[in-house]
Amino acid sequence: MIYERAEQLGELDKLLKMIEPHHWSKAVRPRSLEVEPLELLEELKGTKKAIESLGV
Amino acid sequence: MNAQVRKPFEEVLGYLEGKKKIVLMGCGGCATIFHTGGIRDVEEMGEKLTKEGKQILGKIGLPFGIFTCYLPMSSMFLNEHRKEIEECDAIVMMACGDGAQAVRGYLEDEWGIVKPIYPSNDALGFSSGGPSDFKEECQACGECELGKTFGICPFVQCPKGLLNGPCGGTTVDGKCEVDLLETALGL
């Protein structure tokens, strides 16, 4: 599949390039993440507007 | 949800070498929550790529709650940008790998269009929590053992992913050898 897709895109040469192995040991379990909280009400207002624009 | 972080911008730019006309697509699901592909993030990426000389043909930002991976909904937004997608040299997917591949499959199967698709995010696994702290809980292994492991997934929660712990590396006082502050998961 990957070969066929690369061929369709005319990018077979990219398959010749060696990709360095991943350093899996950096992925210590369980992973966690801290992000800025969403402005939930504002986001939901945007959703409502977009859904209405689709005629729903 | 699928926790994710942005790839370094240089990596995204590297993918786009030799590509001029770009379409950006975000996701109203996890990528909005993690600020990696919400409407504002898509706008921001558009500005950064424009500064690098790219021509942004389309910015497909999905509103909160509209998941890229759920094609019955996301395809409505894709359809509105068909012309730009047909004309572009590459698509940057500001979603997880699932969303990116959902769009690739849709374009190929439904429209018969083959376009280079590049990810701008690194997904970190199914995580829960919020509004700000999230922790990985499930790796979608397809063989859920929670019923036998008292609701705690050893594949995810044990640093070694061991089902039959505690392992031989457990300290005499029952701590995990990888993280000495934590009790070994099997205890």
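Relevant structure appears above.
What you see is a predicted model; the values in this text were computed from it and never measured. Each chain carries its own residue numbering, running from 1 in the direction its sequence is written. Labels are handed out in written order, letters beginning with A for the chains and numbers beginning with 1 for the ligands. In keeping with the predicted nature of the model, local features appear solely for residues at pLDDT of at least 70, side-chain atom pairs appear and are counted solely at 80 or more, and the whole-chain, interface and lining totals rest on all residues. Where side-chain values are given, they derive from all heavy atoms of the structure, hydrogens and water being excluded.

J.: I tried to follow unusual backbone geometry on my own but got confused; where do I start?
T.: Keep in mind that most residues, glycine aside, have a negative phi and that most peptide bonds are trans. Residues and elements named next belong to chain B. G130 connects to P131 through a cis peptide bond whose omega is 10 degrees. Counting through the fold element by element, P131 comes out in the loop between β6 (121–129) and β7 (133–138). Here F150, not a glycine, exhibits a phi torsion of approximately 60 degrees, which is positive. Residue class for F150 comes out exposed when judged on its relative accessible area of 80%. Where helices and strands are cited, they refer to DSSP runs of H or I of at least four residues and of E of at least two residues respectively, numbered from the N terminus. We call a residue buried when its accessible area falls under 20% of the maximum for its residue type, exposed when it is over 50%, and partly exposed in between, using a 1.4 Å probe and counting protein chains only.

J.: Please clarify how helix α4 (residues 71–79) of chain B should be interpreted in this entry.
T.: An α-helical segment advances 3.6 residues per turn. Residues three or four places apart therefore align on the same side. Residue and element names in this part refer to chain B. Here α4 has its buried residues at S74, S75, F77 and L78. Relative to the axis of α4, the buried residues are bounded by an arc of 160 degrees and lie together on one face. What makes two residues a contact is simply this: any of their non-hydrogen atoms within 4.5 Å. Where the residues of α4 are buried, they touch β2 (21–25), β3 (55–60), α5 (82–87) and α6 (97–111). Note: the arc covers the axis-to-C-beta directions of the helix.

J.: Explain the environment of M93 of chain B to me, please; I cannot follow it from the model alone.
T.: Residues and elements named next belong to chain B. Looking at the element boundaries, M93 is found in strand β4 (residues 90–93). Accessibility expressed as a relative area gives 0% for M93, which makes it buried. The spacing of M93 and C27 is 66 residues in sequence and 8.6 Å in space, taken between C-alpha atoms. With residues up to four places along the chain from it excluded, the contact list for M93 reads M25, T68, G99, A100, V103, I117, Y118, P119, S120 and N121.

J.: Would you take a moment to explain the sheet that holds strand β1 (residues 2–6) of chain B for this structure?
T.: Whenever strands of a sheet pair, they do so through backbone hydrogen bonds, lying parallel or antiparallel. Strand pairing requires that DSSP identify at least two bridges connecting the strands. Read from one edge to the other, the open sheet built from four strands follows the order β1(A)-β7(B)-β6(B)-β1(B), with strand pairing classed as antiparallel. The strands lining the two open edges of the sheet, one partner per strand, are β1 (32–34) of chain A together with β1 of chain B. Taking the axes of each pair of neighbouring strands and ignoring which way they run, one obtains an average angle of 50 degrees across the sheet. With four bridges connecting them, β6 of chain B and β7 of chain B associate as antiparallel partners. In this description, a line fitted to the C-alpha atoms serves as the axis of each element, helices being fitted only across the stretch in contact, and the angle between N-to-C directions of two axes falls anywhere from 0 to 180 degrees.

J.: Looking at this model, I keep getting lost on the nonpolar core. Mind explaining?
T.: In a soluble, globular protein the nonpolar side chains are often hidden away together inside. The set of buried Ala, Val, Leu, Ile, Met, Phe, Trp, Tyr and Cys residues whose side-chain atoms join them within 4.5 Å is what this entry labels a nonpolar core. In this structure, I60, L78, I85, I91, M93 and L107 of chain B are the most contacted members of the largest nonpolar core, which totals 21 residues. Ranked by residues supplied to this core, first place goes to α6 of chain B with five residues.

J.: Explain the interface of chain B and chain A here, please?
T.: By a frequent convention, interface size equals the accessible area lost on bringing the separate parts together. The interface is formed by 39 residues belonging to chain B together with 24 residues belonging to chain A. Take a side-chain nitrogen of Lys or Arg and a carboxyl oxygen of Asp or Glu: if they are within 4 Å of each other, that pair is a salt bridge. Linking chain B with chain A are four salt bridges. Here E43 of chain A makes a salt bridge to R40 of chain B, at a shortest N to O gap of 2.6 Å. Pairs of N or O atoms are called polar contacts if they sit within 3.5 Å, as long as, within protein, a hydrogen donor faces a hydrogen acceptor (for residues adjacent in sequence, only side-chain-to-side-chain pairs). The tally of links between chain B and chain A comes to 10 residue pairs in polar contact (both at pLDDT 80 or more). Going through the elements one at a time, β1, α2 (30–33), α4, α6, β6, β7 and α7 (154–157) of chain B are the ones with two or more residues in the side of chain B that touches chain A.

J.: Explanation requested: empty space enclosed by the protein in the structure shown.
T.: Gaps left between atoms are located by rolling a probe of water-molecule size over the structure's atoms. Put simply, the grid is 1 Å and covers the protein atoms alone, a cavity is a trapped set of points that fit a 1.4 Å probe, a pocket is an open set with protein on both sides within 12 Å along at least five of seven lines, and lining residues have an atom within 4 Å of a point. Grid points are joined across faces, edges and corners, and a volume is the space filled by probe spheres set on the points. Across all of its chains, the model carries one cavity of 30 Å³ or more by this definition. Within this model, the largest cavity holds a volume of roughly 30 Å³. Contributing to the lining of the largest cavity are R31, S32 and L33 of chain A together with A3, L124, S127, F134 and E136 of chain B. Sorting the residues of the lining of the largest cavity by element identifies β1 of chain A together with β6 and β7 of chain B as the ones contributing at least two each. Each residue is assigned to one of three groups, with Ala, Val, Leu, Ile, Met, Phe, Trp, Tyr, Cys and Pro labelled nonpolar, Asp, Glu, Lys and Arg labelled charged, and all others, Gly among them, labelled polar. Here the lining of the largest cavity is composed, by residue class, of four nonpolar, two polar and two charged.

J.: Just to check I follow, could you spell out the sheet that holds β3 of chain B for this structure?
T.: Residue and element names in this part refer to chain B. Strand order in this open sheet of four strands is β3-β2-β4-β5, and the pairing throughout is parallel. The strands lining the two open edges of the sheet, one partner per strand, are β3 and β5 (117–119). Geometrically, the sheet is characterised by an average inter-axis angle of 25 degrees between neighbouring strands, direction not taken into account. Alignment of β2 against β3, held across five bridges, turns out to be parallel. The partner of M25 across the bridge, within β3, is I60. Most of the contacts of helix α3 (residues 39–51) go to β3, to which it runs at about 175 degrees, and overall it touches β2 and β3. Against the sheet, α6 touches β2, β4 and β5, its axis set at about 150 degrees to β4.

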